[in-house]
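Structural overview
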Protein chains: 2
Amino acid sequence: MNSQKKFKELLKENGLKATTQRIAILEMLSSNPGKHLTAEEIYDCVRQDYPEIGLATVYRTIQLLSELGLIEKLILDDGYLRYEIGTSSKGDLGHHHHHLICLHCGKIDTFQDDLLENLESRIKEIMGFDVVDHEVKLYGHCKQCRGEK
Amino acid sequence: MNSQKKFKELLKENGLKATTQRIAILEMLSSNPGKHLTAEEIYDCVRQDYPEIGLATVYRTIQLLSELGLIEKLILDDGYLRYEIGTSSKGDLGHHHHHLICLHCGKIDTFQDDLLENLESRIKEIMGFDVVDHEVKLYGHCKQCRGEK
DNA sequence: TTGGGTGCAAAGGCTTTGCATGTGA
DNA sequence: TCACATGCAAAGCCTTTGCACCCAA
């Protein structure tokens, strides 16, 4: 099944209309895995194929997809919300990857790890807090930037 | 030494003038440890003692203090930047506490842990990425909200 | 004295919303 | 057909900035 058809069904499953715009956004995001794009960047990218699309539609769509868990939201402190295609299956929270953010060049890399599961069970024991999702950002210097110095 | 005097010296050490407003903000934040206040909330709080203070001054001051490492910044996804008095000594990055954020009542709790040190050294080995700071947010349900359900 | 700091108001910049039009089911 | 979705423009909202005045050193 091609990706367009897959997204069409995915949208319908969630009670949404499978519009050209929504499919275009999903396709664009899924062909850029690991990139963490702002609404504006998504807009510019999608507009190359669908020049008629409006920025407001991009905002509405990513908010929708984010609520459904199809895409993941990332907040850095540059004032932009960023999105990437979900790595986990729908609703499967708690298995996000970690983000490695280079303080020098701004590049965002990812790292998969289960180390936090220990921490989460300990927190449940000690604090009575039941963790259902987590977000880890690691700031530092990437290989390339370290080499250049 | 009283806290006012302490903050006065702290500011001077950093080449800043020890103004009434800056000291008031520092005192307010330090008397509310563990609270994660927005600029507006800081403004409202400080204004009870210093009604003349301006919101712009609050923004300028928290930005300044944040750059100096005297206060810590926290970004949730509600569109506000939040601040709390620093827990680590100045410049001692990498020893922040983790944040437990209740999805039900919005309460933010903290948890101290060194578990990430393992992860960080592994990342350095595998990815060549040198971690200097991290931020961990754990979303879930706090003890009280779990009890109510 | 004097250069950094403050207060006020205006401007910025990202995101959301209102409304008329368009379109997938 | 018709309720949902889109596009455009305007509004919202948090934060920053310009500028004249003020005050800590």
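Reference entry: report on the structure contained in this document. (Residues numbered from 1 in each chain as written. Chains lettered and ligands numbered in written order. Predicted model: local features only at pLDDT ≥ 70, side-chain atom pairs only at ≥ 80, totals over all residues. Heavy atoms only, no water.)

So, about the overall build of chain A. Helix and strand content of chain A: six helices and six strands. Taken from N to C terminus, the helices and strands of chain A fall in the order α-α-β-α-α-β-β-β-β-α-β-α. Taken across its 149 residues, chain A has 44% of its residues classed as buried. Approximately 8,100 Å² of chain A is accessible, and the part contributed by carbon and sulfur atoms is 47%. (Helix = DSSP H or I, 4+ residues; strand = E, 2+ residues; numbered from the N terminus. Buried < 20%, exposed > 50% of the residue type's maximum accessible area, 1.4 Å probe, protein only. Areas by Shrake-Rupley, 256 points an atom, 1.4 Å probe, with all protein chains shown as cover.)

In the vicinity of DNA strand D lie 21 residues, with Thr 19, Thr 57 and Arg 60 of chain A together with Tyr 59 and Tyr 80 of chain B positioned nearest. The sugar-phosphate backbone supplies 67% of the atoms of DNA strand D found within 4 Å of the protein. Taking Gly 54 of chain A, its main chain carries an N or O atom lying 2.9 Å from a phosphate oxygen of DNA strand D. Interatomic distance of 2.4 Å between a side-chain N/O atom of Thr 57 of chain A and a phosphate oxygen of DNA strand D. Of all the secondary structure elements, the ones that give two or more residues to the surface near DNA strand D are helix H2 (20–30) and helix H4 (55–68) of chain A together with helix H4 (55–68) of chain B. Ranked by residues supplied to the surface near DNA strand D, first place goes to H4 of chain B with four residues. Of the residues assigned to the surface near DNA strand D, the class counts are eight nonpolar, six polar and seven charged. (Near = heavy atom within 4 Å. Polar contact = N/O pair within 3.5 Å; in protein donor to acceptor, adjacent residues only side chain to side chain. Nonpolar A, V, L, I, M, F, W, Y, C, P; charged D, E, K, R; others polar.)

With that out of the way, let us pick up the nonpolar core. One broad trend across soluble globular proteins is that nonpolar side chains are buried collectively. Ile 123 and Leu 138 of chain A together with Ile 123 and Leu 138 of chain B are the most contacted members of the largest nonpolar core, which has 26 residues in total. Mapped by element, the contributors of at least two residues to this core are strand E4 (98–102), helix H5 (116–127) and strand E6 (130–141) of chain A together with strand E4 (98–102), helix H5 (116–127) and strand E6 (130–141) of chain B. In this view, Leu 138 of chain A contacts His 98, His 99, Leu 100 and Ile 101 of chain A together with Leu 116, Leu 119, Glu 120, Ile 123, Phe 129, Val 131, Asp 133 and His 134 of chain B; residues no more than four positions away in its chain are not counted. (Core = buried A, V, L, I, M, F, W, Y, C linked by side-chain atoms within 4.5 Å. Contact = heavy atoms within 4.5 Å.)

Residue and element names in this part refer to chain A. With respect to topology, three strands assemble into an open sheet ordered E1-E3-E2, the strand pairing being antiparallel. Strands with a single pairing partner mark the edges of an open sheet, and in this sheet they are strand E1 (37–38) and strand E2 (71–75). Each of E2 and strand E3 (81–85) is contacted by H4, which is oriented at about 105° to E2, the strand it contacts most. (Pairing = 2+ DSSP bridges. Axes fitted to C-alpha atoms, helices over the stretch in contact; angles between N-to-C directions.)

It is worth spelling out the interface of chain B and chain A at this point. With 40 residues of chain B at the contact, the number on the chain A side is 40 residues. Summed over both sides, the interface between chain B and chain A buries roughly 3,400 Å², with carbon and sulfur atoms accounting for 69% of that surface. Along the contact surface separating chain B from chain A lie two salt bridges. For Lys 73 of chain B, the salt bridge identified is with Asp 77 of chain A, shortest N-O distance 3.8 Å. The set of elements that each furnish at least two residues to the side of chain B that touches chain A consists of strand E2 (71–75), E4, strand E5 (108–111), H5, E6 and helix H6 (143–148) of chain B. If one sorts the elements of the side of chain B that touches chain A by residue count, E6 of chain B sits on top with twelve residues. Partitioning the side of chain B that touches chain A into residue classes produces 20 nonpolar, seven polar and 13 charged. Summarising the sheet, E6 of chain A and E6 of chain B pair through eleven bridges and their orientation is antiparallel. Residue Tyr 139 of chain A lies in a different strand from E6 of chain B, and its bridge partner there is Asp 133 of chain B. (Buried area = accessible area lost by both parts, 1.4 Å probe. Salt bridge = Lys/Arg side-chain N within 4 Å of Asp/Glu carboxyl O.)

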